[in-house]
Amino acid sequence: MPKECRRKSSKDFGFSGTGISDGGRVERRTAGRSPQICTEHIQKAAIVAAPPAAPALMDAPLVPQVTITSDAGGTSREIQEEDLDGAVDGTLRRKLSNSSISSTGSSAVESEDDLLSDTETQSKGLVTLEHLVCAEVSESKAWKKLKTYIRWPLQASQKKKVNWVQLAGHKGNFKAAEEGTILKKLSENEKKCFEDLQNDALVHFVPRYQGIVENDGESFVQMTDLLAGLDHPNVMDCKMGVRTYLEEELVRARDRPKLREDLYKKMMEVDREGPTPQEHFQRGITKPCYMQWRDSMSSTNTLGFRIEGIKKYDGTCRTDFKKTRSKQDIIKLFKEFVEEDVSIIKSYLERLRAIRDALKISVFFKKHEVIGSSLLFIHVCGRANVWMIDFGKTSALPEGQTLRHDVPWQEGNREDGYLWGLENLILTLEAAGNEGSGEETENNSLTTDRDF
Ligand SMILES: Nc1ncnc2c1ncn2[C@@H]1O[C@H](COP(=O)(O)OP(=O)(O)OP(=O)(O)O)[C@@H](O)[C@H]1O
Ligand SMILES: O=P(O)(O)O[C@@H]1[C@H](O)[C@H](O)[C@@H](OP(=O)(O)O)[C@H](OP(=O)(O)O)[C@H]1O
């Protein structure tokens, strides 16, 4: 537990008192997964795939083989500059010049001075958070101390330190705003989702949307900062679903395959045998191939969720979970995250079941392909909550089409496995809560007087 565990009011937590807040064909080597293949020929995804070798908690929705050329026409070639922009045009595409947090090379610890650039001091009440990231660290020195300061453009004596951490996502995507809120770089898609969510059953499970804000010629979505007012919170980001790439990304990659050296390098840092011989030769990989590899190395394909990052109350932080795949490893991480506090697990379970119930009646959920979205777990001082975040790759389905979210994905059906992943997440947490305690958490509905 944090040394100082000041009692916070429900307002401090941004929660309402009702318990809910508004606030070349070469098979890639994989960790015993269903094969993910990037070939020289463009093919439709196979309808039937081998079941995952790892034991899933439920009947696994299969993630079929998907083939994408990575050599732009069957012959190898030099990587062109355009290959490296990561890019494909499209409505859902964000600016990708900023690397993702879990990319290599980001610094885990920044000095305070580093954070106060001239630009920042001149900004009007807004502070860039681009250095405030939880960086990837080596397996050997997993937990790394993280300083998380938001520097406001005030005099030195008025420096304000806030426990804010970005566990995943793209560097530079966030800015601090007026207290209690955060700005995220605008993606039209995410904005539309937030707007639609306002009148949906999920509204109490997402950060409160506060409109669009212009700053320095850039547009941002303003939303509740879920960490506002929390002293030394424990935070975990779980990315949901059985895949983290959109069907349209596959289509684009087939139409206009682009090799990316940055993704090749990221893959090599984790798994030197990851790239196919052709990708080694080209020193590049298409984004969908990289994403498929990410999904298969982690528990995304086999469990329908994966851990992206964990930050503990003591400031230590880890994002080195690219190879965390087994249920046992995840249970262990959950237990470490809550420090074996079964009551925290129960609180998380209660909230996850509420999210599941809301998802089942949500019109928004029915009508959207939810890709790359996360559940953000936060606990501090014996209290816990979970929030749905990141709708940057959540896209509306054509009129009349709906998804079930708990059936296997086949290319074309746009199923994302979100609900299936959530069921597995609940079962995994239940297992983490039961083990060693002898307690049953199934049907354990808590009715405590917690503020949320
Ligand atoms: N409303 C919020 N309050 C507090 N922290 C947040 C909030 N939204 C996001 N974060 C933090 O920022 C991280 C990244 O958020 P998010 O996933 O929305 O970014 P992204 O750049 O869209 O990510 P990705 O590239 O994975 O799609 C989260 O893991 C979390 O640590
Ligand atoms: O986690 P990693 O291994 O660092 O990989 C990144 C991660 O999968 C992000 O979700 C993805 O952004 P999107 O979800 O926005 O597609 C990003 O693509 P990008 O490099 O094209 O930004 C990847 O590089």
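Residues numbered from 1 in each chain as written. Chains lettered and ligands numbered in written order. Predicted model: local features only at pLDDT ≥ 70, side-chain atom pairs only at ≥ 80, totals over all residues. Heavy atoms only, no water.

Undergrad: I tried to follow the packing of helix α8 (residues 327-337) against helix α11 (residues 418-434) on my own but got confused; where do I start?
TA: For any two helices packed against each other, one specifies the inter-axial angle together with the distance between the axes. It is at 9 Å that the axes of α8 and α11 come closest, and there the two elements cross at 65°. With respect to the hand of their crossing, α8 and α11 are arranged in right-handed fashion. Of the residues in α11, those in contact with Ile330, Ile331, Phe334 and Lys335 of α8 are Leu425, Thr428, Leu429, Ala431 and Ala432. Class assignment for the residues of the contact of α8 with α11 results in seven nonpolar, one polar and one charged. (Axes fitted to C-alpha atoms, helices over the stretch in contact; angles between N-to-C directions. Helix = DSSP H or I, 4+ residues; strand = E, 2+ residues; numbered from the N terminus. Left-handed = near helix turned anticlockwise from the far one by under 90°. Contact = heavy atoms within 4.5 Å. Nonpolar A, V, L, I, M, F, W, Y, C, P; charged D, E, K, R; others polar.)

Undergrad: I'm lost on helix α9 (residues 342-361) in this one. Help?
TA: Three- or four-residue spacings in an α-helix give side chains the same orientation, since the helix completes a turn every 3.6 residues. Under the 1.5 Å per step criterion, the end-to-end length of α9 is 29 Å for 20 residues, consistent within 8% with the ideal 28 Å. Across the 20 residues of α9, 14 count as buried, placing the element largely inside the fold. (Expected span 1.5 Å × (residues − 1). Buried < 20%, exposed > 50% of the residue type's maximum accessible area, 1.4 Å probe, protein only.)

Undergrad: Any chance you could explain the environment of Gly372 here in plain terms?
TA: Here Gly372 shows up in the loop between β12 (368-371) and β13 (374-380). For Gly372, a relative accessible area of 6% gives the class buried. When residues no more than four places from it in sequence are discounted, the contact partners of Gly372 are Lys239, Met240 and Asp390.

Undergrad: It is not clear to me how the confidence of the model for the protein should be interpreted in this structure. Could you clarify?
TA: Detailed reading of predicted coordinates is not advised where the pLDDT is low. Overall, the predicted model of the protein reaches an average pLDDT of 73, with 61% of residues at or above 70. Predicted confidence is poor over residues 69-97, with pLDDT under 50, and the contacts of this stretch with residues over four places away or in other chains come to 66 contacts. For this predicted complex, the interface confidence score (ipTM) comes to 0.98, while the overall pTM stands at 0.77. (pLDDT = per-residue confidence, 0-100.)

Undergrad: Sorry if this is basic, but what is going on with the domain arrangement of the protein here?
TA: The figure often quoted for interface size is the accessible area lost as the parts come together. Here the domain parsing of the protein yields domain 1 (174-242 + 304-435) and domain 2 (246-298). Centre-to-centre, using C-alpha coordinates, domain 1 lies 25 Å away from domain 2. Counting residues at the interface gives 17 residues for domain 1, matched by 15 residues for domain 2. Buried surface at the junction of domain 1 and domain 2, both sides included, amounts to about 1400 Å², of which 49% is carbon and sulfur. On the surface where domain 1 and domain 2 come into contact, there are four salt bridges. A salt bridge links Arg306 to Asp295; the shortest N-O distance between them is 2.9 Å. (Domains from an automatic or database assignment. Buried area = accessible area lost by both parts, 1.4 Å probe. Salt bridge = Lys/Arg side-chain N within 4 Å of Asp/Glu carboxyl O.)

Undergrad: Would you mind going over the site of ligand 1 with me for this structure?
TA: Around ligand 1 sit 21 residues, and of these His170, Asn173, Lys184, Asp237 and Asp390 come closest. Between ligand 1 and Ala168, the relevant distance is 3.3 Å, taken from an oxygen atom to a main-chain nitrogen or oxygen of the residue. Asp390 has a polar side-chain atom sitting 2.6 Å from an oxygen atom of ligand 1. The fraction of the free accessible surface of ligand 1 (630 Å²) that becomes covered by protein chains is 97%. Where the shell around ligand 1 is concerned, the elements lending two or more residues are β8 (218-224) and β9 (234-240). Grouping the constituent residues of the shell around ligand 1 by class yields 10 nonpolar, five polar and six charged. (Near = heavy atom within 4 Å. Polar contact = N/O pair within 3.5 Å; in protein donor to acceptor, adjacent residues only side chain to side chain. Areas by Shrake-Rupley, 256 points an atom, 1.4 Å probe, with all protein chains shown as cover.)

Undergrad: Even after reading the chapter, I still don't get unusual backbone geometry, so can you show me in this structure?
TA: Among all residues except glycine, the phi angle is most often negative; among peptide bonds, the trans geometry is most common. Positive phi is not limited to glycine here, since Asp216 has a value of about 50°. With phi around 60°, Arg414 is a residue other than glycine that occupies positive phi space. Turning to its location among the elements, Arg414 is positioned in the loop between β15 (393-396) and α11. Note on Arg414: relative accessible area 17%, which makes it buried.

Undergrad: Teacher, can you tell me more about the packing of helix α3 (residues 247-255) against helix α6 (residues 287-297) here?
TA: In the contact formed by α3 and α6, the axes pass within 9 Å of each other and the chain directions differ by 135°. One finds that α3 runs oblique with respect to α6. Between α3 and α6, the residues in contact are Glu249, Leu250 and Ala253 and Lys287, Pro288 and Gln292, respectively. (Parallel < 35°, antiparallel > 145°, perpendicular 65-115°, else oblique.)

Undergrad: Mind showing me how you'd approach the pattern of salt bridges here?
TA: Side chains that differ in charge, positive against negative, can pair when their charged atoms come close. Scanning the entire structure with this criterion turns up 24 salt bridges. Here Arg252 and Glu248 are joined by a salt bridge, their closest N and O atoms 2.8 Å apart. With Arg252 and Glu248 both in helix α3, this residue pair falls four residues apart, about one helical turn. The exposure class of Arg252 is buried, given its relative accessible area of 16%. When its relative accessible area of 29% is taken as the criterion, Glu248 is described as partly exposed. The salt bridge involving Arg318 is made with Asp320; its shortest N-O contact spans 2.8 Å. With relative accessibility at 11%, the residue Arg318 sits in the buried group. Via salt bridges that share partners, Arg294, Asp295, Arg306 and Glu308 belong to a single interconnected network.

Undergrad: What is the right way to read the nonpolar core from this model?
TA: Looking at soluble globular proteins, one finds that nonpolar side chains tend to be buried together. Counting 64 residues, the largest nonpolar core has Leu375, Phe377, Met388, Leu422 and Leu425 as its most contacted members. In this view, Leu422 contacts Met240, Leu352, Ile355, Arg356, Leu359 and Leu375; residues no more than four positions away in its chain are not counted. In this structure, Val242, Met291, Met297 and Trp409 belong to the second largest nonpolar core, which totals 17 residues. (Core = buried A, V, L, I, M, F, W, Y, C linked by side-chain atoms within 4.5 Å.)

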